[in-house]
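Overview (structure and organization)
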Amino acid sequence: MNNTNIIHQKKSVTITKASIVYFLAALFLCFEMALQISPAVMTPELKSSLNLTNFSLGIISGVYFISYTLMQIPSGMMYDRNNICKILTTAIFLCALGSISFSMAQGPYTAAISRLFMGIGSAFAFISVLTVSARYFPKKYFALLTGIAQLLAALGGVAGGLPIAWLIHAFGWRHVMLIFAGIGFILMLLVLWVF
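A short tour of the structure in this document, coming up. (Residues numbered from 1 in each chain as written. Predicted model: local features only at pLDDT ≥ 70, side-chain atom pairs only at ≥ 80, totals over all residues. Heavy atoms only, no water.)

Side note on the environment of Ser103
- Positionally, Ser103 belongs in helix H6 (residues 84-103).
- Taking the C-alpha atoms as reference points, Ser103 and Val176, separated by 73 residues in sequence, lie 8.0 Å from one another.
- In this structure Ser103 touches Trp173, Arg174, Met177 and Leu178, once residues within four positions along its chain are discounted.
- Among the polar contacts made by the side chain of Ser103, one reaches the main-chain carbonyl oxygen of Ile100 at a distance of 2.6 Å. (Helix = DSSP H or I, 4+ residues; strand = E, 2+ residues; numbered from the N terminus. Contact = heavy atoms within 4.5 Å. Polar contact = N/O pair within 3.5 Å; in protein donor to acceptor, adjacent residues only side chain to side chain.)

Set out below in C-alpha cells:
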C-alpha cells in the first residue's frame, strides 16, 4: 500500500471507527497473550492426556515461539502493503483454528502443528495495534496507544493464568481451548463487521 492510500485511509476513518478498530486489535493482542502462556497453566493435564514427556511438552510450547519469532518481519511487511482488515481477520482465524486443532490433539505432533498455527497468527497481534495507531490516530497519541496496548497484553498474560486454571479445573483443557477458539471467531467476525 502506498503512502497516498494510507493518508486517504486516515482522512476517511472517523475517530469512533478508529477507536473501535484499535480496541479490537488490542483485544486480539490480549487474546494471543493468553494463548501464548496457556500450555504453562495446563501442563499436568497436557502431559497426562497426550502422554507427553517434559521434552515433548517443551517442543510443543516452543513451536509457538519459533513461528511467532520467524513471522515478525513478514507480518510487518504485510501490514505495510495490505489492508489491515484482511490481515487481522486472517491472523485471528489462524489462532482460532490452532485452538480448535489443539483441543482435538491426540499426540505431540498434532499439538505442535496446532501451536505452530497459533504462533503464526499471534505474530500479527502487536503489529496490528501499532499499525492502527499510526494510520488512524494523530501522531501525538501513538505512545499513549502503544502503552495501552502493552497494558492489555499484560492483562492477557494474567488472564492466561489464574482464570484459565479455574476454567481447566471446571471444564477440562480441551473445552478451554474450544472456548479460546470461540472467542477468536467472535473477534474475527467483529473485525469483519466493523471494517
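Examining the side chain of Thr131
- Within the secondary structure layout, Thr131 lies in helix H8 (residues 125-136).
- For Thr131, a relative accessible area of 12% gives the class buried. (Buried < 20%, exposed > 50% of the residue type's maximum accessible area, 1.4 Å probe, protein only.)

Some remarks on the packing of aromatic side chains
- Applying the stated criterion across every chain yields a total of 8 aromatic pairs.
- Ring geometry for Tyr79 and Phe124: centres 6.1 Å apart, planes at 65°, overall edge-to-face. Within this pair, whereas Tyr79 is found in helix H5 (residues 72-81), its partner Phe124 is found in the loop between helix H7 (108-122) and H8, the two being separated by 45 residues in sequence.
- For Phe124, a relative accessible area of 5% puts it in the buried group.
- Taken together, the aromatic side chains of Tyr64, Phe65 and Tyr68 make up a single cluster linked through ring pairs. (Phe/Tyr/Trp six-rings, centres within 6.5 Å; stacked < 30°, edge-to-face > 60°.)

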